[in-house]
Amino acid sequence: MGTAPGRGPSVGRQAVTVVCRGVSKSFGGQDVLDGLDLEVPEGAVVTVLGRSGSGKTTLLRTIAGFERAEAGVVEIDGEVVDSPRRFVPPEKRRVGYVAQEGNLFPHLTVAKNVGFGLSRAERAAGKAEALLEMVGLGGMAQRYPHQLSGGQQQRVALARALAPGPRLVLLDEPFSSLDAGLRSSLRSDVMALLRAQHATTVFVTHDQEEALSVSDFVGIMTSGRLRQFAAPEDLYSRPVDRSVAQFLGEANILTGTATSGWVETPLGAMSLAGGHESVSGPVSVLVRPEQISLHAPGGTAAGRAGATGRVVHREFYGHDCVLLVDVTGGNDPLDGPLRVRCAGRPPAEVGDAVAMSASGEAVAWPSE
């Protein structure tokens, strides 16, 4: 962006909290939100991550006031804005909303798009131009949306959302239509700007990288409910169940036996992560690809690992690589090849025999 984050007009009043309690919403008899609970701390960036149809957009639209909840309560800054007895319309909530496609007015200039919700005095004072400068679009005020790139249009949409001084900013997959390189750079710019403006932000996406990289907290949404809500690091390292583990990031699920804070797996013994120490008996064990190390077969490490296999596929990404290893010769067969992530160049070629060991803490759940 052309200007330093934080310069330019303020978003408005101090950041606010958002609370949803037991919020339900259905369309055509189909439950989309099903007794959902959510609490967004003041000034936090919260990402809601889920597959298409999980209810993410409906949640944002209900917080914004574009949809009314059929049950439950929505509060913004301690004020009830949606309940069976009270409904505050969208224009009274001071919420900035950026949709997936931006939804700019094609017949208005960029400046008029941004200034649409401003008073005549604010427009005359150049607030729209100042906001455009803030999002790195200074000098483009008189252009029309069709004259901008996709990334520039999304910056205009953000400036328009910030113009009325919202208490809260809601982002509905605003980068999904952009190519990967532009999506990454624009996402970083937008999040830096929102943090500099101390805006409470709820960001919806189906992109796991986005969710983990920009958020203070992430909620995993399935079937209209939040399955787990936690800091990104905790969500990744301590998922609440197997389905969350497999949804968020790459996951190897092994069988094992837990006792006294340890679990025996096909890759050797591992200590159980905090909160899982009391698990005992037959378990399913989460081992992330980066927790697995490869060794030459027959070495000391191989004896400790307890599993050998053969590389059947490799993927090289530059900064790291992923190898698929088909495990052989074990008494405890695995569900398909193991995914192993290594830094830099691949340490083995397709067809090579390898031994494996695992390090770090393991998360385990009682076998179903």
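Each remark here, short or long, concerns the structure printed above.
All values derive from a computational prediction rather than experimental measurement.

Calculation rules
- Residues numbered from 1 in each chain as written.
- Predicted model: local features only at pLDDT ≥ 70, side-chain atom pairs only at ≥ 80, totals over all residues.
- Heavy atoms only, no water.
- Helix = DSSP H or I, 4+ residues; strand = E, 2+ residues; numbered from the N terminus.
- Buried < 20%, exposed > 50% of the residue type's maximum accessible area, 1.4 Å probe, protein only.
- Contact = heavy atoms within 4.5 Å.
- Areas by Shrake-Rupley, 256 points an atom, 1.4 Å probe, with all protein chains shown as cover.
- Lys, Arg positive; Asp, Glu negative; His and termini not counted.
- Charge placed at Lys NZ, Arg CZ, Asp CG, Glu CD.
- Salt bridge = Lys/Arg side-chain N within 4 Å of Asp/Glu carboxyl O.
- Pairing = 2+ DSSP bridges.
- Phe/Tyr/Trp six-rings, centres within 6.5 Å; stacked < 30°, edge-to-face > 60°.
- Lys NZ or Arg CZ within 6 Å of the ring centre and 35° of its normal.
- Axes fitted to C-alpha atoms, helices over the stretch in contact; angles between N-to-C directions.
- Parallel < 35°, antiparallel > 145°, perpendicular 65-115°, else oblique.
- Left-handed = near helix turned anticlockwise from the far one by under 90°.
- Nonpolar A, V, L, I, M, F, W, Y, C, P; charged D, E, K, R; others polar.

A.B. asks: Got a minute to help me understand the overall build of the chain in this structure?
C.D. replies: What the chain contains, in helices and strands, is 10 helices and 20 strands. For the C-alpha atoms alone, the extent of the chain along its principal axes is close to 80 × 45 × 35 Å. Counting only residues that meet the buried cut, the chain has 50% of its 368 residues in that class. In the chain, the proportion of contacts linking residues at least 24 apart, taken out of those at least 6 apart, comes to 68%. Of the roughly 16,700 Å² that the chain leaves accessible, carbon and sulfur atoms contribute 49%. Taken as two groups, the 35 positive and 40 negative side-chain charges of the chain have centres that lie 8 Å from each other.

A.B. asks: Can you help me understand the pattern of salt bridges in this one?
C.D. replies: Think of it this way: side chains of opposite charge can pair up when their charged atoms draw near. One pass over the full model with this rule turns up 18 salt bridges. We note a salt bridge from aspartate 241 to arginine 227, for which the minimum N-O separation is 2.6 Å. Placement of the pair is aspartate 241 in the loop between helix 8 (232-237) and helix 9 (242-247) and arginine 227 in strand 10 (residues 225-230), with a sequence separation of 14 residues. For aspartate 241, a relative accessible area of 15% gives the class buried. Taking the relative accessible area as the measure of exposure, arginine 227 reaches 40% and is therefore partly exposed. Ionic contacts of the salt-bridge type, sharing partners, join the residues Glu250, Glu315, Asp320, Arg339 and Arg341 into one network.

A.B. asks: I keep staring at the pairing of strand 3 (residues 45-49) and nothing clicks. Help me out?
C.D. replies: For a regular strand, the rule is simple: side chains alternate between the two faces of the sheet. Across the 5 residues that make up strand 3, a large majority, 5, are buried. On strand 3, burial covers both faces: Val45, Thr47 and Leu49 on one face and Val46 and Val48 on the other are all buried. With 5 bridges connecting them, strand 3 and strand 8 (residues 200-205) associate as parallel partners. Bridge pairing links valine 46 to valine 202 in strand 8. Sheet analysis places strand 3 next to strand 9 (residues 217-222), joined by 4 bridges and oriented parallel.

A.B. asks: Can you help me understand the packing of aromatic side chains in this one?
C.D. replies: Two aromatic rings are characterised by how far apart their centres lie and by the angle between their planes. Tallied over the entire structure, the rule returns 3 aromatic pairs. Residues phenylalanine 105 and phenylalanine 116 carry aromatic rings whose centres are separated by 4.8 Å and whose planes lie at 50 degrees to one another, so their mutual orientation is tilted. You can see phenylalanine 105 sitting in the loop between strand 6 (95-98) and helix 2 (110-114) and its partner phenylalanine 116 sitting in the loop between helix 2 and helix 3 (120-124), a full 11 residues away along the chain. Overall, phenylalanine 116 belongs to the exposed group, its relative accessible area being 55%. One residue, arginine 160, lies across the ring of phenylalanine 105, its end atom 5.2 Å from the ring centre.

A.B. asks: Mind showing me how you'd approach the sheet that holds strand 7 (residues 168-172) here?
C.D. replies: Strand pairing in a sheet takes place through backbone hydrogen bonds and is either antiparallel or parallel in direction. Ordered in space as 6-7-8-3-9-10, the 6 strands form an open sheet in which the pairing is mixed. Either end of the sheet is taken by a strand with one partner, and the two such strands are strand 6 and strand 10. Within this sheet the neighbouring strands show an average axis-to-axis angle of 20 degrees, counted without direction. Contacts from helix 1 (residues 56-64) reach strand 3, strand 6, strand 7, strand 8 and strand 9 within the one sheet, and its direction differs from that of strand 7 by about 155 degrees. Here helix 5 (residues 150-162) sits on the sheet in contact with strand 6 and strand 7, set at roughly 165 degrees to strand 6.

A.B. asks: Looking at this structure, I do not really get the environment of glutamate 39. What am I missing?
C.D. replies: Looking at the secondary structure, you find glutamate 39 in strand 2 (residues 30-40). Distance in space between the C-alpha atoms of glutamate 39 and glutamate 209 is 22 Å, their sequence separation being 170 residues. When sequence neighbours within four positions are dropped, the list of residues in contact with glutamate 39 reads Val18, Val19 and Phe229.

A.B. asks: I tried to follow the packing of helix 5 against helix 6 (residues 180-196) on my own but got confused; where do I start?
C.D. replies: Helix-helix packing is described using two parameters, namely the angle between the two axes and the distance between the axes. Running from N to C, helix 5 and helix 6 point in directions that differ by 15 degrees, and their axes come no closer than 11 Å. The angle between the axes of helix 5 and helix 6 places the two elements in the roughly parallel class. Here helix 5 and helix 6 pass one another in a crossing that is right-handed. Touching Gly151, Gln154, Arg155, Leu158 and Leu162 of helix 5 are Leu182, Leu186, Asp189, Val190, Leu193 and Leu194, all from helix 6. Across the contact of helix 5 with helix 6, the residue classes break down as 7 nonpolar, 2 polar and 2 charged.

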